[in-house]
Amino acid sequence: MLFRSTTQRMGTAMRRREVSTGTGVRMVDPTLDDAGRLLAATVESGDATTSRVLLWNLDAPSGAAPTGLPGSGRTWQPALSGDGSVLVFVSDAADVVSGATMGRCLPECAAQVYRYDVGDRSTTLVSRTPRSTADEPVAGNGPSTQPAVGRTGAEVLFITRATNFFSTRHRIVGGGDDGELVRVATGTGVMWREHHDA
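Presented here is an overview of the structure given in this document. All residue numbers refer to position in the chain's written sequence, counted from 1. Predicted model: local features are reported for residues with pLDDT of at least 70 only, side-chain atom pairs are reported and counted for 80 or more only, and whole-chain, interface and lining totals are derived from all residues. Side-chain calculation: all heavy atoms of the structure are included, whereas hydrogens and water are not.

## What to know about the overall build of the protein chain
Which entries qualify depends on this criterion: Numbered from the N terminus, helices here are DSSP runs of H or I no shorter than four residues, and strands are runs of E no shorter than two. Exposure is judged per residue with a 1.4 Å probe applied to protein chains only, and the accessible area is read against the type maximum: over 50% gives exposed, under 20% gives buried, and values in between give partly exposed. When checking whether two residues touch, look at their non-hydrogen atoms; a contact exists if any pair is within 4.5 Å. For the area figures, the Shrake-Rupley method with a 1.4 Å probe applies, and any residue is considered shielded solely by the protein chains shown.
A count of helices and strands for the protein chain gives 0 helices and 14 strands. Every one of the 198 residues in the protein chain was classed for burial, and the buried ones make up 44%. Long-range contacts, defined as pairs at least 24 residues apart, comprise 42% of the intrachain contacts of the protein chain with a sequence gap of at least 6. Of the roughly 10400 Å² of accessible surface on the protein chain, a fraction of 50% belongs to carbon and sulfur atoms.

Okay, structure coming up:
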């Protein structure tokens, strides 16, 4: 079995926890909450054909199983909010959120950004069109990746190449294929572009 370890400073004492990821797999994109209590990472097969984001509670008894996220397809690029209440991630699966309109999936869908509430274990589609609802979300028609989340999880940033979020395209530094930087207020679904001159 392959083991990864994390070390946390607790006052003057150091605590070391081992986190099992299994045989023939590797851990990438690790992220911790501010308290060092939660660890999320992408666990990939040795040939990187499959990937799953897993969430470990480092305060749980040794050997406790990690939490897997919903969906049957690949998940990757986890980011934890500072307070540990929210985990955002990317997936190309069609079944992460029930009732979502995903567009054409051949067999994978365009990558989308999701928000997982650690407390109630609910998942919502973040990269959805502004006019759709959280109960019946319509996903972006292009890939959305590289999520970042604020301290409380109230806002999520990501890069998107979807063309159905805004009525016009913004001139993008570096060219039209780079995507747009988008910010979403997760409570309301309000979405806006981030404009920053290079």
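The structure having been displayed, the exposition proceeds.
## Description of the state of the cysteines
Covalent bonding between the sulfur atoms of two cysteines defines a disulfide. As a reminder, the rule being used: Only a pair of cysteine sulfur atoms within 2.5 Å counts as a disulfide in this structure description.
Scanning all chains against the criterion turns up 1 disulfide. Through a disulfide, Cys 105 is tied to Cys 109; the S-S separation comes to 1.9 Å. The chirality of the disulfide connecting Cys 105 with Cys 109 is right-handed, given an S-S dihedral of about 95°.

## Some thoughts on the pairing of strand E7 (residues 75–80)
Operational definition: A pair of strands counts as paired when DSSP detects no fewer than two bridges linking them.
Burial analysis of E7 places 5 of its 6 residues in the buried class, which makes it a mostly covered element. Pairing of E7 with strand E8 (residues 86–91) involves 4 bridges; the strand directions are antiparallel. In the strand pairing of E8, Thr 75 is matched with Ser 91. What sits between the antiparallel neighbours E7 and E8 is a turn of 5 residues, in which Gly 84 has the positive phi angle 75°.

## Quick notes on the side chain of Thr 31
Convention followed: Definition of a polar contact: a pair of N or O atoms within 3.5 Å, with one able to donate and the other able to accept a hydrogen when the atoms are protein atoms, and with sequence-neighbouring residues admitted only if both atoms are side-chain atoms.
Among the secondary structure elements, Thr 31 is positioned in strand E3 (residues 25–32). Relative accessible area serves as the criterion here: at 15%, Thr 31 is assigned to the buried category. A polar atom in the side chain of Thr 31 sits 3.5 Å from the backbone nitrogen of Leu 80. Beyond its immediate chain neighbours, meaning those up to four positions away, Thr 31 contacts Leu 38, Leu 39, Ala 40, Pro 78, Ala 79 and Leu 80.

## Observations concerning the sheet that holds strand E14 (residues 190–193)
This is how the line gets drawn: For helices, the axis comes from a line fit to the C-alpha atoms of the stretch in contact; other axes are also lines fit to C-alpha atoms, and the angle between any two N-to-C directions lies between 0 and 180 degrees.
Pairing is antiparallel in the open sheet, where 4 strands are placed in the order E11-E12-E13-E14. The strands lining the two open edges of the sheet, one partner per strand, are strand E11 (144–149) and E14. On average, each strand axis in the sheet is inclined to that of its neighbour by 25°, with strand direction left out of account. Relative to E14, strand E13 (residues 180–185) runs antiparallel, the two sharing 4 bridges. In the strand pairing of E14, Val 182 is matched with Arg 193.

## Section: the packing of aromatic side chains
For any two aromatic rings, the description comes down to two numbers: the centre-to-centre distance and the angle of the planes. What counts here: For Phe, Tyr and Trp, where Trp contributes only its six-membered ring, two rings pair if their centres lie within 6.5 Å, and the inter-plane angle classes them as stacked under 30 degrees, edge-to-face over 60, or tilted in between.
Enumeration according to the criterion identifies 2 aromatic pairs in this entry. Considering the side-chain rings of Phe 89 and Tyr 114, the 5.6 Å spacing of their centres and the 20° angle between planes classify their relative orientation as stacked. Here the residue Phe 89 occupies a position in strand E8, and Tyr 114 occupies one in strand E9 (residues 112–117), the gap between them amounting to 25 residues. Each member of the pair Phe 89 and Tyr 114 is classed as buried.

## Notes on the environment of Phe 165
As for its placement among the helices and strands, Phe 165 is situated in the loop between strand E12 (155–160) and E13. For Phe 165 and Arg 193, which are 28 residues apart along the polypeptide, the C-alpha to C-alpha distance reads 9.8 Å. For Phe 165, the contacting residues outside a window of four places in its chain are Ser 127, Arg 128, Thr 129, Pro 130, Gly 140, Ser 144, Phe 158, Thr 160 and Met 191.

Nothing here speaks to function; it is geometry throughout.
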